[in-house]
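# Topology and contacts: notes
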Amino acid sequence: MLQKNEKVGIFEKLIYGSGQIGLNALYTLFSAYVLMFYTDVMGINPTSIGIVILISKIFDGFSDLVAGQIIDTHKSRHGHCIPVLLRWTVPMVASVVLVFMVPHTVPMIQLIFIFVTYNLFNTIFYTLLCMAHGSLPSYATGDALDRSQMLVCSMLFAAAMQTILASAILPMVNFFGGQNLQSAWIKSTLVFGVLGIFFLYLNVLFVKERVENDAPPENIVAGVKVAFQNKYWIMTLLMNICNNMILIFNLSVSVYYLGNVAGNLGLMGAYVAVSNVPGVFLMMIVPGLLGKISKQKMVLFGALLMLGGQIAFILGPADNVTWLLGTGLVRGIGFGFPMGLGGAMIGDCIDYGEWKTGIRVQSVLFSANSVGQKIGQGVLTSLFGFKSNA
């Protein structure tokens, strides 16, 4: 039962959105470059890495649902989500630093170390923090428009941060000694980790939980059952899987494409910019459109633009920079709609699920976003690892 339905001010919405700076400072580094780090810096077999990542995704998919259930069923005097951000942000940063501390030893020990640290960061700590931050709007306000605007602000900051980091990561690594030096990656990760701590703690200080839900099922199986009774949640989950496969393609696979096909890795910043910057501007406009145009229509329009841009890319010359960036821009404009509205649509799924079942499982339903992110990332990254070794 929602209580204390207070409005959320613009300052709090922006502070909430800035939490994505903290999350994406680590996520972009991890998603875009960890595969290249494992293979090109540490010299580990790409197929072996692909197998490790694929196995990890089995655990990763379940961890999102478990994290959502933990957040929904546990509360302190500060709420459900804020205590998680307060307690686990620093351990999350420590775990991502460990990811880049692969020992110089025999391959089997390296793969065990990678499996443990990859899952420590991605399956446990990042999942818990991402779930807490993603669920926070549903505990901050019961107003559907306010909640949607908070989630769109979040995606706005996420897209902007990914664009900036795409141009900043490699120069920073080079500043600390070069791309082939492991210590340079570790130092860069520490810098982004401090950035992450700062912005996530701003959320702890300035974002307030105002609403409470009826006690959800204590049994995780029962909570998941409620989720899968919600047809719109399933649709949104599938949409988020597709969204994140596209996102990981832009962040990770494009590193190899630009380096090996286009022959110019220096285009990474420009390529990610044309893919993400249109979405940044769109997400500034979308909050004002939410009450006038349905989310479904905006997502469908964006999907058609992406499809047209991708077909044009496939039919055009692979080594033409103008064509590459031009088609990327069209896809980027289209991508801004489904990526920016995915979280807001999950918020609507929560209200529908409560109406249909009488049970409000906020964080479990919000797992559609992170489950989609993890599945999209895992499938694309692991398959690309296999292909790289073929």
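Here the structure is a predicted model, which means the values were calculated and not measured.

Here we take up the environment of L29. Mapped onto the fold, L29 is located in helix α1 (residues 10-41). Note: C-alpha distance between L29 and L165 (136 residues apart in sequence) is 7.7 Å. If near-sequence neighbours (up to four positions away) are discounted, L29 is found in contact with N24, V34, F100, I169, W185, T189 and F192.

As a further point, take the packing of aromatic side chains. According to the stated counting rule, one finds 14 aromatic pairs in the structure shown. Here F100 and W185 contribute two aromatic rings whose centre-to-centre distance is 6.1 Å and whose plane-to-plane angle is 0°, an arrangement assigned as stacked. With a gap of 85 residues between them, F100 in the loop between α3 (82-99) and α4 (107-140) and W185 in helix α6 (residues 182-206) connect regions that are remote in the sequence. Among the residues examined, W185 registers a relative accessible area of 0% and is labelled buried. Summarising the aromatic geometry, the rings of F121 and Y126 are spaced 5.5 Å apart at their centres and angled 40° between planes, so their arrangement reads as tilted. Residue classification places Y126 among the buried residues on the basis of a relative accessible area of 2%.

On to the packing of α1 against helix α5 (residues 144-175), then. If you want to describe how two helices pack, look at the angle between their axes and the distance between the axes. Viewed as axis vectors pointing N to C, α1 and α5 meet at an angle of 40°, and their least axial separation amounts to 7 Å. Judged on the interaxial angle alone, α5 and α1 are oblique. Crossing angle aside, the handedness with which α1 passes α5 is right-handed. Each residue belonging to the contact of α1 with α5 can be placed in one class, and the counts come to 17 nonpolar, eight polar and two charged.

Core analysis: the largest hydrophobic core is formed by 81 residues, its most contacted members being Y38, M92 and W185. For this core, the element with the highest residue contribution is α1, accounting for 17 residues. The next biggest cluster of nonpolar side chains, apart from the first, holds eight residues, and it includes V152, M239, F337 and L341.

Now for the confidence of the model for the protein chain. Across the protein chain, the average pLDDT comes to 80, with 79% of residues at 70 or higher. Of all the helices and strands in the protein chain, helix α12 (residues 362-388) carries the lowest mean pLDDT, 58, while α3 carries the highest, 96.

Moving on: the pattern of salt bridges. Scanning all chains against the criterion turns up two salt bridges. Two residues, K13 and D146, come together in a salt bridge whose shortest N-O distance is 2.9 Å. Of the two residues, K13 is situated in helix α1 and D146 in helix α5; the sequence distance between them amounts to 133 residues. For K13, a relative accessible area of 8% translates into the label buried.

Attention now moves to the environment of I169. The topology assignment puts I169 in helix α5. Taking the C-alpha atoms as reference, I169 lies 9.6 Å from A25; in sequence the two are 144 residues apart. I169 has contacts with T28, L29, Y33, W185 and F192, leaving out every residue within four places of it along the chain.

On the secondary structure map, H133 appears in helix α4. For H133, a relative accessible area of 0% gives the class buried. For H133, the contacting residues outside a window of four places in its chain are Y16, G19, Q20, L23, L85, S154 and N203.

Here the focus is a nonpolar patch on the surface. Where nonpolar side chains cluster on the molecular surface, the patch consists of L300, L304, L307, I311, I314 and L315 and spans about 660 Å² of accessible area. Structurally, L315 can be placed in helix α10 (residues 295-315).

For the pair α1 and α6, the least separation of the axes is 8 Å and the interaxial angle reads 160°. Comparing their axes, α6 and α1 come out roughly antiparallel. α6 is crossed by α1, and the crossing has left-handed handedness. Of the residues assigned to the contact of α1 with α6, the class counts are 19 nonpolar, eight polar and one charged.

Criteria and thresholds
Think of each chain on its own: its residues are numbered from 1, step by step along the sequence as written. Per-residue local features of the predicted model are confined to residues with pLDDT of at least 70, and side-chain atom pairs are confined, for both listing and counting, to 80 or more; whole-chain, interface and lining totals are unaffected and use all residues. Values reported for side chains reflect all heavy atoms of the structure, with hydrogen atoms and water molecules removed beforehand. A run of H or I in DSSP counts as a helix once it spans at least four residues, and a run of E counts as a strand once it spans at least two, with each numbered from the N terminus. In what follows, residue pairs with any heavy atoms lying within 4.5 Å of each other are defined as contacts. Any Phe, Tyr or Trp ring, taking Trp's six-membered ring, that has another such ring centre within 6.5 Å forms a pair; planes under 30 degrees apart are called stacked, those over 60 apart edge-to-face, and the others tilted. Here's how the labels work: a residue is buried when its accessible area is under 20% of the maximum for its type, exposed when over 50%, partly exposed in between, all with a 1.4 Å probe on protein chains only. Under this scheme, a helix contributes an axis fitted over its contacting stretch, all axes are lines through C-alpha atoms, and angles between N-to-C directions fall in the 0 to 180 degree range. Note on angle classes: values under 35 degrees are labelled roughly parallel, values over 145 roughly antiparallel, values of 65 to 115 roughly perpendicular, and the remainder oblique. Two helices crossing with the near one rotated counterclockwise from the far one by less than a right angle form a left-handed crossing, whereas a clockwise rotation gives a right-handed crossing. By the convention adopted, Pro, Cys, Tyr, Trp, Phe, Met, Ile, Leu, Val and Ala count as nonpolar, Lys, Arg, Asp and Glu as charged, and the other residues, Gly among them, as polar. The definition of a nonpolar core used throughout is a set of buried Ala, Val, Leu, Ile, Met, Phe, Trp, Tyr and Cys residues joined through side-chain atoms within 4.5 Å. For every residue, the pLDDT score states the predictor's confidence, bounded by 0 at the bottom and 100 at the top. One side-chain nitrogen of Lys or Arg within 4 Å of one carboxyl oxygen of Asp or Glu is enough to make a salt bridge. By definition, no residue in a patch forms a salt bridge, and every one has over 30% relative accessible area; like charges are joined within 9 Å, nonpolar side chains (Val, Leu, Ile, Met, Phe, Trp, Tyr) within 5 Å. Surface exposure here means Shrake-Rupley accessible area, sampled with a 1.4 Å probe, where a residue is shielded only by the protein chains that are shown.

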